[in-house]
Amino acid sequence: MELLTPRDLSDCPPHQCLYVILSDHQGGTVNDAVLMRLADDVFWLSPGDGDVILWARGVAINSGLDVTVIEADVCPLQLQGPKSPHVAYKLFGDIALDLGYYHVAELELNGIPIALSRT
């Protein structure tokens with residue numbers, strides 16, 4: 001992930017999110033995204049738009065590192081705005097109210113995997 005963004009990710013613990021700029025090899029902006037760290041070695045990106053996965057695969061192939069870039073079969077849902085946790089409470093219960101700002105939780109809704117973040 002640190003090859004994709006100039007942002008320091010070393011102090012981002014699991015289940016936390018960060019806003020990141022994705023930059024190319026010359027420092028140009030490729031996209032912006034919410035980075036979700038689900039485990040020490042599992043990161044998900046939720047970009048604003050564009051096909052970031054192909055670009056990330058290209059970076060991975062040329063990195064010489066042992067990484068896998070996939071498109072997860074998960075629906076990201078970002079709670080945004082002061083009333084959004086109260087609206088989401090009807091779907092997710094207390095986790096919607098207890099989820100810290102820029103944190104993420106892996107949940108299911110009617111059997112559908114969800115990455116619920118508060119941004």
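Residues numbered from 1 in each chain as written. Predicted model: local features only at pLDDT ≥ 70, side-chain atom pairs only at ≥ 80, totals over all residues. Heavy atoms only, no water.

What the rule picks out here adds up to 1 aromatic pair. Residues Tyr 101 and Tyr 102 carry aromatic rings whose centres are separated by 5.0 Å and whose planes lie at 80° to one another, so their mutual orientation is edge-to-face. Assessed through its relative accessible area of 56%, Tyr 101 is described here as exposed. (Phe/Tyr/Trp six-rings, centres within 6.5 Å; stacked < 30°, edge-to-face > 60°. Buried < 20%, exposed > 50% of the residue type's maximum accessible area, 1.4 Å probe, protein only.)

In this section: the sheet that holds strand β4 (residues 75-79). Spatially, the 3 strands line up as an open sheet ordered β4-β6-β5, and their pairing is mixed. With partners counted over all chains shown, the strands left at the sheet margins are β4 and β5 (104-109), one partner each. The mean inter-strand angle of the sheet, taken between neighbouring strand axes irrespective of direction, is 30°. Inspection of the sheet shows β4 paired to strand β6 (residues 112-118) by 5 bridges, in the parallel sense. What sits directly across from Leu 77, in β6, is Leu 116. (Pairing = 2+ DSSP bridges. Helix = DSSP H or I, 4+ residues; strand = E, 2+ residues; numbered from the N terminus. Axes fitted to C-alpha atoms, helices over the stretch in contact; angles between N-to-C directions.)

Below, the discussion takes up the pairing of strand β3 (residues 42-47). Note: strand β2 (residues 29-39) against β3, 6 bridges, orientation antiparallel. Within the sheet, the bridge partner assigned to Met 36 lies in β3 and is Trp 44. The hairpin turn running from β2 into β3, its antiparallel successor, is 2 residues long.

In this section: the side chain of Asn 31. Looking at the secondary structure, you find Asn 31 in strand β2. Classification of Asn 31 as buried rests on a relative accessible area of 8%.

Remember, this is a structural readout, not a statement about activity or role.
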